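Now for the letters of each chain:
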Amino acid sequence: MPDMDEFTQEIVPPSDTGRSNDEQLDFSFVLASSVHDMKNSLCMLLGSLEEMIQESPPQNDEQKNHISILQYEASRINSELIQLLNIYRLQNKSLPFSIDENYVIETFEDQVARNDVLFKTKNIEIIMDCDDDLVWFYDNELLGNVIHNILINSSRYAKSKIKLSAICKDERLSISIEDDGFGFPDFMLQAALPENNKNSSADSTRLGLFFAAKIASFHKQGDNRGEIELSNGGSLNGGVFTIVLP
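With that settled, consider the overall build of the chain. What the chain contains, in helices and strands, is eight helices and nine strands. Counting every position in the chain, which comprises 246 residues, the buried fraction comes to 44%. Within the chain, contacts between residues separated by at least 24 positions form 72% of all contacts whose residues are at least 6 apart in sequence. Total accessible area on the chain is roughly 13300 Å²; 49% of this is exposed by carbon and sulfur atoms.

Opposite charge on two side chains makes pairing possible when the charged atoms of those side chains draw close. Across all of its chains, the model carries two salt bridges by this definition. Between Glu227 and Arg172 there is a salt bridge, with the nearest N and O atoms lying 3.8 Å from each other. Of the two residues, Glu227 sits in strand E8 (residues 227-233) while Arg172 sits in strand E5 (residues 172-179), which places them 55 residues apart along the sequence. Of the residues examined, Glu227 reaches a relative accessible area of 35% and is grouped as partly exposed.

In this section: the environment of Asn123. Tracing the chain through its elements places Asn123 in the loop between helix H5 (116-121) and strand E2 (125-129). Sequence separation between Asn123 and Ser68 is 55 residues; the distance between their C-alpha atoms is 9.6 Å. If we ignore the near neighbours within four places in the chain, the residues touching Asn123 are Lys64 and Ser160.

Moving on: the side chain of Asn145. Summarising the element assignment, Asn145 is placed in helix H6 (residues 140-157). What makes Asn145 buried here is its relative accessible area of 4%. A polar side-chain atom of Asn145 sits 2.8 Å from the main-chain carbonyl oxygen of Glu141.

Below, the discussion takes up the sheet that holds strand E4 (residues 161-169). The strand order E2-E4-E5-E9-E8 describes an open sheet built from five strands, whose pairing is mixed. Each end of this open sheet is capped by a strand with a single partner; those strands are E2 and E8. On average, adjacent strands in this sheet sit at an angle of 15° to one another, irrespective of strand direction. When E4 meets E5, the two strands line up antiparallel, connected through eight bridges. Counted as the bridge partner of Ile162 is Asp179 from E5. On top of the sheet, H6 reaches E4, E5 and strand E9 (238-245); it is set at about 20° to E5, its chief contact.

Below, the discussion takes up the packing of aromatic side chains. Remark: the centre distance and the inter-plane angle together describe each pair of aromatic rings, the angle taken between the planes. Tallying each qualifying case throughout the model produces one aromatic pair. Ring plane angle 70° and centroid distance 5.3 Å describe the contact between Phe97 and Phe218, whose orientation is recorded as edge-to-face. Residue Phe97 is located in the loop between helix H3 (61-91) and strand E1 (100-103), and its partner Phe218 is located in helix H8 (residues 204-218); the two are separated by 121 residues in the primary sequence. The exposure class of Phe97 is partly exposed, given its relative accessible area of 34%.

Turning our eyes to something else, we now look at a nonpolar patch on the surface. Together, Phe97, Ile99 and Phe137 make up a nonpolar patch on the protein surface, roughly 280 Å² of accessible area in all. Note that Phe137 resides in strand E3 (residues 135-138).

Okay, the environment of Ser68 next. For Ser68, the location among the structural elements is in helix H3. Taking the C-alpha atoms as reference, Ser68 lies 9.6 Å from Arg156; in sequence the two are 88 residues apart. Once you skip the residues sitting within four places of it in the chain, Ser68 turns out to touch Leu118, Thr121 and Lys122.

Judged by nonpolar contacts, the single largest core of 42 residues is most densely connected at Val104 and Leu173. Top contributing element to this core by residue count: H8, with eight residues. For Val104, the residues in contact, after removing those within four places along its chain, are Cys130, Leu134, Trp136, Tyr138, Ala166, Leu173 and Ile175.

Here we come to the packing of H3 against H6. Look at H3 against H6: their axes get within 10 Å of each other, and the N-to-C directions meet at 150°. Relative to H6, the crossing made by H3 is left-handed. Of the residues in H6, those touching H3 at Tyr72, Ser75, Arg76, Ser79, Ile82, Gln83 and Asn86 are Leu142, Asn145, His148, Asn149, Ile152, Asn153, Ser155 and Arg156. Classifying every residue of the contact of H3 with H6 by side-chain character gives four nonpolar, nine polar and two charged.

The rules behind these values
Residues numbered from 1 in each chain as written. Predicted model: local features only at pLDDT ≥ 70, side-chain atom pairs only at ≥ 80, totals over all residues. Heavy atoms only, no water. Helix = DSSP H or I, 4+ residues; strand = E, 2+ residues; numbered from the N terminus. Buried < 20%, exposed > 50% of the residue type's maximum accessible area, 1.4 Å probe, protein only. Contact = heavy atoms within 4.5 Å. Areas by Shrake-Rupley, 256 points an atom, 1.4 Å probe, with all protein chains shown as cover. Salt bridge = Lys/Arg side-chain N within 4 Å of Asp/Glu carboxyl O. Polar contact = N/O pair within 3.5 Å; in protein donor to acceptor, adjacent residues only side chain to side chain. Pairing = 2+ DSSP bridges. Axes fitted to C-alpha atoms, helices over the stretch in contact; angles between N-to-C directions. Phe/Tyr/Trp six-rings, centres within 6.5 Å; stacked < 30°, edge-to-face > 60°. Patch = residues over 30% accessible without salt bridge, like charges linked within 9 Å, V, L, I, M, F, W, Y side chains within 5 Å. Core = buried A, V, L, I, M, F, W, Y, C linked by side-chain atoms within 4.5 Å. Left-handed = near helix turned anticlockwise from the far one by under 90°. Nonpolar A, V, L, I, M, F, W, Y, C, P; charged D, E, K, R; others polar.

By themselves, these observations are geometric and do not establish any function.
Here it is in C-alpha cells:
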C-alpha cells in the first residue's frame, strides 16, 4: 500500500522579499505544487488498485498481465513524481536530510512491502541477503526512495527474481539490487559514471541516476562520499545497481 504520509510537507515557494507576490509565484513553484497534487492522487489510485487486486484476484494469465502492466506504470509514474519533488526541494535548499542509525534489513523490508502486490502480480521472487544485525547511519527516507525506484525498474526487466543484499566492506556499506534480466544497456552503464551523472538535464533514466547519485553523495565521512555503480552479472546474471555509503 503506498504511504499516504510520504512527502506530504507543504511545497513552499523560494523566498524573495525584493519581489511582489505575483512575481514570486514563478512557474517552478506552480509546477511543483501540481506535481505534489498529482502524486497524492496517484497514491490513492494505487491504494485502490491494490485493494481491488486483493479482493478480486485476476482469474487468468491475460488478466494478470494487464493488471501487472497497469500497476507497474502507475508505480513508475509515482516514483518519478517523488523524484521531481525532491529535485525541486534540492534546488531550493529545502530537501529534508536526517542521518540516523538504521537496521538495513528493515529498510529492505519496508521497500519490498511497498511493492508486495506488484511483485506477486508479476510472479517475482524477492531474495534478501542481509545480516539482521547490520546497522548503518543514513537518511532512511531518502535512501528508501532510491531503493524503491530501483525495485520498480527491476520489476520491469526481471524474469522471475530480484535480490537485495548488503555487506560492510572496508568500513563502507555496500547495498546491491540485482535482477535476472538481460542486464543494463551500454548507454545506462555510461550514464551512471560519475562524470555523466552530475546533471539532470537529460531523460528520465538519467534523472533517476542523478537523484540516486545525489542522495548517495549527501552521505559523507571526511573526504569520502557515497556513490552509485551500475554493472552486469552478479549472482543472478542480470543488472546490478549498487549504492556505497561511507
